[in-house]
Amino acid sequence: MANTETTLKECLASIEGATGVALVDYTSGMALGTLGGSKTFDLNVAAAGNTDVVRAKMRTMEHLGLKGGIEDILITLTDQYHLIRLITGRGGNGLFLYLVLDAKRANLAMARHQLKKIEEDLEV
Amino acid sequence: MTVVDSPPPRLPVRDRATAHQRAGAGVSPMLTRLAEERATGVLDREHGTLHLAEGRVVHAESPLAPGLDEFLTAHGTLAAEDWRDAEDSGDGGRLLRHGVTPGALELAQASALYDAAYFALAPSSTPGRFRYGTAHWLASVHPVPVAALERETLRRRALLRRIWPDPATDGAPLIRAAPVAAPAVPPRQAAVLEQVDGVRRAADIARELGRPTFHTLVHLRRLAAAGLVSPQPPPPVLDVPPEAADPYVALLKRVRDALEAL
């Protein structure tokens, strides 16, 4: 696998409309790496907050007795898409990629597909 | 009569904003100073050790946290003898030749570093000691600025407090509790819960599972909040009968008993 920096760069460079990306550990809520973002959009804060989203969804599935795993979670804002992709690699249990997209420029289906590819390459 | 119309001198008031900043920077003032002077060497603290290179933290160890070797070998990424081989030669490149990908090594090192540093930077009762020296052999894998490490450590403390404010499950041997309506437990927490046997502490469970200790603390606090786990109460202080200790007291008691029996 490429290292985290290369992976994050690849996300921003190859996915149309991507404005920020973070690799996050969802037990501790720590971003292991971030790229992009801005003064008004702190990816570290977003990473920590979105761990609660992932956890809540996992708990709900547990309560419902659903056996499948989460592949990705999409959150649609008026002007942004937030895409969370859980990493399923060998040792990558407990990590997710968090991608922020500009809704005007992004192609959602393409972005999901590319993020899946990048996640497979990550192979932590 | 003279009228004093100049206002009384302002009393010194502690500026809350800067006081807060100082408290924030106060994880370890020594570490902050070492970062400023871009020091290289080893900082020994009560609960762990931080390795610095050029003022950045490059490696951390704590008896309470599993080491990088344990993360890499626990999940079959690396054989134990391959780790020893790399460690003995002090060559990080050997790990990569033994089949560890650079990304996996970097992420495992980052997890191990933040985990051990959380304990190393815990409030201590003894002063830290710094030895200037050469950089750690894994210095280039994932260096972390001191400010980022301190910020993360404070965030981690706050996270634990938010989940469940009682720190008792962090260090004590743990026992299972049986709440009336036990909530469903997610798989990663369930693995932790299975290890709770009345003897193991959080750090032992983390080693057993090959996971960071801080993550185990998070799971345990959630389990404690759900009422599924509680710290082993300290053993009752054994009331050593004073008779056993002091023959005169024993004799006097027997005499008293005899007199009472008359």
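Coordinates for the structure precede this section.
Predicted, not measured: the structure shown is a model, and the values here were computed from it. (Residues numbered from 1 in each chain as written. Chains lettered and ligands numbered in written order. Predicted model: local features only at pLDDT ≥ 70, side-chain atom pairs only at ≥ 80, totals over all residues. Heavy atoms only, no water.)

## Section: the overall build of chain A
Reasoning step 1: Secondary structure assignment for chain A yields 3 helices and 5 strands.
Reasoning step 2: Reading chain A from its N terminus to its C terminus gives the helix and strand order α-β-β-α-β-β-β-α.
Reasoning step 3: Relative to a compact globule of 124 residues, whose C-alpha radius of gyration would be 14 Å, chain A shows 14 Å and is just as compact.
Reasoning step 4: Looking at chain A as a whole, 47% of its 124 residues qualify as buried.
Reasoning step 5: In chain A, the share of contacts with a sequence separation of at least 24, taken over all contacts with a separation of at least 6, comes to 53%.
Reasoning step 6: Roughly 6,100 Å² of accessible area belongs to chain A as shown, and the carbon and sulfur atoms make up 51% of that amount.
Reasoning step 7: Computed over 13 positive and 15 negative side-chain charges, the separation of the two mean positions in chain A equals 3 Å. (Helix = DSSP H or I, 4+ residues; strand = E, 2+ residues; numbered from the N terminus. Rg over C-alpha atoms; globule rule 2.2 N^0.38 Å. Buried < 20%, exposed > 50% of the residue type's maximum accessible area, 1.4 Å probe, protein only. Contact = heavy atoms within 4.5 Å. Areas by Shrake-Rupley, 256 points an atom, 1.4 Å probe, with all protein chains shown as cover. Lys, Arg positive; Asp, Glu negative; His and termini not counted. Charge placed at Lys NZ, Arg CZ, Asp CG, Glu CD.)

## Considering the overall build of chain B
Reasoning step 1: Scanning chain B for helices and strands turns up 13 helices and 7 strands.
Reasoning step 2: Here the C-alpha radius of gyration of chain B, 26 Å, is well above what a compact globule of 262 residues would show, namely 18 Å.
Reasoning step 3: For the C-alpha atoms alone, the extent of chain B along its principal axes is close to 90 × 85 × 45 Å.
Reasoning step 4: Across the 262 residues that make up chain B, the buried fraction comes to 40%.
Reasoning step 5: The long-range fraction of contacts in chain B, counting pairs at least 24 apart against all pairs at least 6 apart in sequence, stands at 71%.
Reasoning step 6: Of the roughly 14,900 Å² of accessible surface on chain B, 58% is carried by carbon and sulfur atoms.
Reasoning step 7: When the 30 basic and 31 acidic side-chain charges of chain B are each reduced to a single mean position, those positions are 6 Å apart.

## Focus on the packing of aromatic side chains
Residues and elements named next belong to chain B.
Reasoning step 1: Tallying each qualifying case throughout the model produces 5 aromatic pairs over all chains.
Reasoning step 2: Between Phe 130 and Tyr 132, the ring centres sit 4.8 Å apart and the planes meet at 90 degrees, which makes this aromatic pair edge-to-face.
Reasoning step 3: With relative accessibility at 14%, the residue Phe 130 sits in the buried group. (Phe/Tyr/Trp six-rings, centres within 6.5 Å; stacked < 30°, edge-to-face > 60°.)

## Looking at the sheet that holds strand β3 (residues 56-61) of chain B
All names here are of chain B.
Reasoning step 1: In space, the 5 strands of this open sheet follow the order β4-β1-β2-β3-β5, with antiparallel pairing throughout. Each having just a single partner strand, β4 (129-132) and β5 (144-145) make up the two edges of the open sheet.
Reasoning step 2: Bridging between strand β2 (residues 48-53) and β3 involves 5 bridges; their strand directions are antiparallel. Residue Leu 52 lies in a different strand from β3, and its bridge partner there is Val 57.
Reasoning step 3: Sheet strands in contact with helix α2 (residues 29-36) are β1 (41-45), β2 and β4, and its direction is about 20 degrees off that of β4. (Pairing = 2+ DSSP bridges. Axes fitted to C-alpha atoms, helices over the stretch in contact; angles between N-to-C directions.)

## A word on the packing of helix α6 (residues 102-120) of chain B against helix α11 (residues 213-225) of chain B
All names here are of chain B.
Reasoning step 1: Relative to each other, α6 and α11 sit at 75 degrees, their axes nearing to 8 Å. Here α6 is positioned roughly perpendicular relative to α11, judged by the angle of their axes. Between α6 and α11, the contacting residues are Asp 115, Tyr 118 and Phe 119 on the first element and Thr 213, Phe 214 and Leu 217 on the second.
Reasoning step 2: Its residues placed into classes, the contact of α6 with α11 shows 4 nonpolar, 1 polar and 1 charged. (Parallel < 35°, antiparallel > 145°, perpendicular 65-115°, else oblique. Nonpolar A, V, L, I, M, F, W, Y, C, P; charged D, E, K, R; others polar.)

## Remarks on the pattern of salt bridges
Reasoning step 1: In total, this model carries 19 salt bridges over all chains according to the counting rule given.
Reasoning step 2: Of the charged contacts in the structure, one is a salt bridge between B:Glu54 and B:Arg38, with a shortest N-O distance of 3.0 Å. With a gap of 16 residues between them, B:Glu54 in the loop between β2 and β3 and B:Arg38 in the loop between α2 and β1 connect regions that are remote in the sequence.
Reasoning step 3: In this structure, B:Arg94 and B:Asp91 form a salt bridge, with 4.0 Å as the shortest nitrogen-oxygen distance.
Reasoning step 4: Residues participating in the shared-partner salt-bridge network are A:Glu71, A:Asp72, A:Arg85, A:Arg112 and A:Glu119. (Salt bridge = Lys/Arg side-chain N within 4 Å of Asp/Glu carboxyl O.)

## Some thoughts on the interface of chain A and chain B
Reasoning step 1: Residue-level contacts link 23 residues of chain A with 27 residues of chain B.
Reasoning step 2: Here chain A meets chain B over a buried area of about 1,900 Å², counting both sides, of which 57% is carbon and sulfur.
Reasoning step 3: Listing elements by their share of the side of chain A that touches chain B, those giving two or more residues are β1 (18-25), β2 (30-36) and α2 (43-64) of chain A.
Reasoning step 4: When the residues that make up the side of chain A that touches chain B are grouped by side-chain class, the tally is 9 nonpolar, 8 polar and 6 charged. (Buried area = accessible area lost by both parts, 1.4 Å probe.)

## Comments concerning the side chain of A:Arg85
Residue and element names in this part refer to chain A.
Reasoning step 1: Secondary-structure assignment places Arg 85 in strand β4 (residues 80-86).
Reasoning step 2: Its relative accessible area of 5% is what places Arg 85 among the buried residues.
Reasoning step 3: Only 2.9 Å separates the side chain of Arg 85 from the side chain of Glu 119, close enough to count as a polar contact.
Reasoning step 4: Arg 85 has contacts with Glu 71, Asp 72, Phe 96, Leu 97, Leu 115, Lys 116 and Glu 119, leaving out every residue within four places of it along the chain. (Polar contact = N/O pair within 3.5 Å; in protein donor to acceptor, adjacent residues only side chain to side chain.)

## A word on the sheet that holds β4(A)
Each strand in a sheet pairs with its neighbour through backbone hydrogen bonds, running either in the same direction (parallel) or in the opposite one (antiparallel).
Residues and elements named next belong to chain A.
Reasoning step 1: Strand order in the open sheet made by the 5 strands is β2-β1-β5-β4-β3, with antiparallel pairing throughout. Strands with a single pairing partner mark the edges of an open sheet, and in this sheet they are β2 and β3 (72-76). Ignoring strand direction, the axes of neighbouring strands in this sheet form an average angle of 15 degrees.
Reasoning step 2: Sheet topology note: the β1/β2 ladder contains 6 bridges and is antiparallel. Considered in β2, the bridge of Asp 25 is made with Met 30.
Reasoning step 3: Relative to β4, helix α3 (residues 108-122) is tilted by about 30 degrees, and along the sheet it contacts β1, β3, β4 and β5 (95-102).

## With respect to a nonpolar patch on the surface
Reasoning step 1: Together, B:Leu251, B:Val255, B:Leu259 and B:Leu262 give the surface a local cluster of nonpolar side chains, amounting to about 440 Å² of exposed area.
Reasoning step 2: Summarising the element assignment, B:Leu262 is placed in the segment after α13 (247-261). (Patch = residues over 30% accessible without salt bridge, like charges linked within 9 Å, V, L, I, M, F, W, Y side chains within 5 Å.)

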